[in-house]
Amino acid sequence: AWEQARKVLKQHDLAWSQLMRCDFVGVHPCNRGGLVLQGAEVHQLGLAHCSAGYSWDMASRGATAVQSPPAPEDAEAAQFNQLMVDLDDGRWFPAVTQLALLSIGGGHSNAFLRAMKGGCPTPHSELANSDGVLDAGHLATTRPGLAKALEQGLEWTVLHWRVAAAYPRLIDVGQAALNTKPSS
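Caption draft 1: Examining helix α7 (residues 144-152) more closely. Those residues of α7 that sit buried are Gly 145, Leu 146, Ala 149 and Leu 150. Along the long axis of α7, the arc covered by the buried residues comes to 135 degrees, so they all point the same way. Exposed positions of α7 whose direction lies more than 90 degrees from the buried face are Pro 144 and Glu 151. Against the buried residues of α7 lie α2 (39-51), α3 (56-61), α5 (107-118), α6 (136-141) and β5 (154-159).

Caption draft 2: Representation of the pairing of β5 in the model. Counting buried residues along β5, five of its six residues qualify, which places the element largely inside the surrounding structure. Judged from the three bridges that link them, strand β3 (residues 64-67) and β5 form a sheet pairing that is parallel. Among the inter-strand pairings, Ala 65 is bridged to a residue of β5, identified as Val 158.

Caption draft 3: Structural context of the packing of α2 against α5. At their nearest, the axes of α2 and α5 sit 9 Å apart, and the two run at 90 degrees to each other. Taken as axis vectors, α2 and α5 run roughly perpendicular relative to one another. Facing α2, whose interface residues are Glu 41, Val 42, His 43, Leu 45, Gly 46, His 49 and Cys 50, α5 presents His 108, Ser 109, Ala 111, Phe 112 and Ala 115. Split by residue class, the contact of α2 with α5 holds six nonpolar, five polar and one charged.

Caption draft 4: Seen up close, the packing of helix α1 (residues 2-11) against helix α9 (residues 169-177). Close contact between α1 and α9 brings their axes to 9 Å; oriented N to C, the two are set at 125 degrees. Classified by the interaxial angle, the pair formed by α1 and α9 is oblique. Viewed along their axes, α1 and α9 form a crossing whose handedness is left-handed. Contacts between α1 and α9 pair Trp 2, Ala 5 and Leu 9 from the former with Leu 170, Val 173, Gly 174 and Ala 177 from the latter.

Caption draft 5: Local environment of the nonpolar core. Ranked by size, the top nonpolar core spans 39 residues in total, and within it Phe 93, Leu 113, Met 116, Leu 146, Leu 154 and Trp 156 carry the most contacts. Dropping the residues within four chain positions of it, Phe 93 is found in contact with Leu 37, Gly 39, Val 42, Met 84, Val 85, Ala 111, Arg 114, Ala 115 and Cys 120. Counting 11 residues, the second largest nonpolar core, distinct from the first, contains Val 66, Ile 104, Leu 159 and Leu 170.

Reading guide: rules and limits
Residues numbered from 1 in each chain as written. Predicted model: local features only at pLDDT ≥ 70, side-chain atom pairs only at ≥ 80, totals over all residues. Heavy atoms only, no water. Buried < 20%, exposed > 50% of the residue type's maximum accessible area, 1.4 Å probe, protein only. Helix = DSSP H or I, 4+ residues; strand = E, 2+ residues; numbered from the N terminus. Arc of directions from axis to C-beta. Contact = heavy atoms within 4.5 Å. Pairing = 2+ DSSP bridges. Axes fitted to C-alpha atoms, helices over the stretch in contact; angles between N-to-C directions. Parallel < 35°, antiparallel > 145°, perpendicular 65-115°, else oblique. Nonpolar A, V, L, I, M, F, W, Y, C, P; charged D, E, K, R; others polar. Left-handed = near helix turned anticlockwise from the far one by under 90°. Core = buried A, V, L, I, M, F, W, Y, C linked by side-chain atoms within 4.5 Å.

In structure tokens form, the structure reads like this:
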């Protein structure tokens, strides 16, 4: 159902592919059943990606987002994304620079890229420099896909914000298809 919906939306210019820098992508308030991203999960996924060599293609494959709505409808999304940063005092990943997209798939991967760019502390020594923070420069030198993701961002499937407003259950369908589910 998700692939069919995506295909129809693309045919009618209501969905498209777009490169977007990681610091311009937040998380949709309905993502994961309304649960915020967990910093420890973000860094654990980042460790798994880096240990496997980091594939830009694989990281982009499930990256799906809704275009951020215009003001004042964007206030809820902005508050939700700030809440995630505030819960961990900005320690696990920094705030979004500009809220252009709201992820429904690929949010953890994108948040890890933001954490790397922000030089955030990490509990994983394999990813840290001698100060215990993420060392993007060092990690990206041996992982060209990671270097590309940090420089250009991921390639996102983007849904027009009006589609999500008109069909809010479509976000749930997309998340189920992308294997994103609320944590218990």
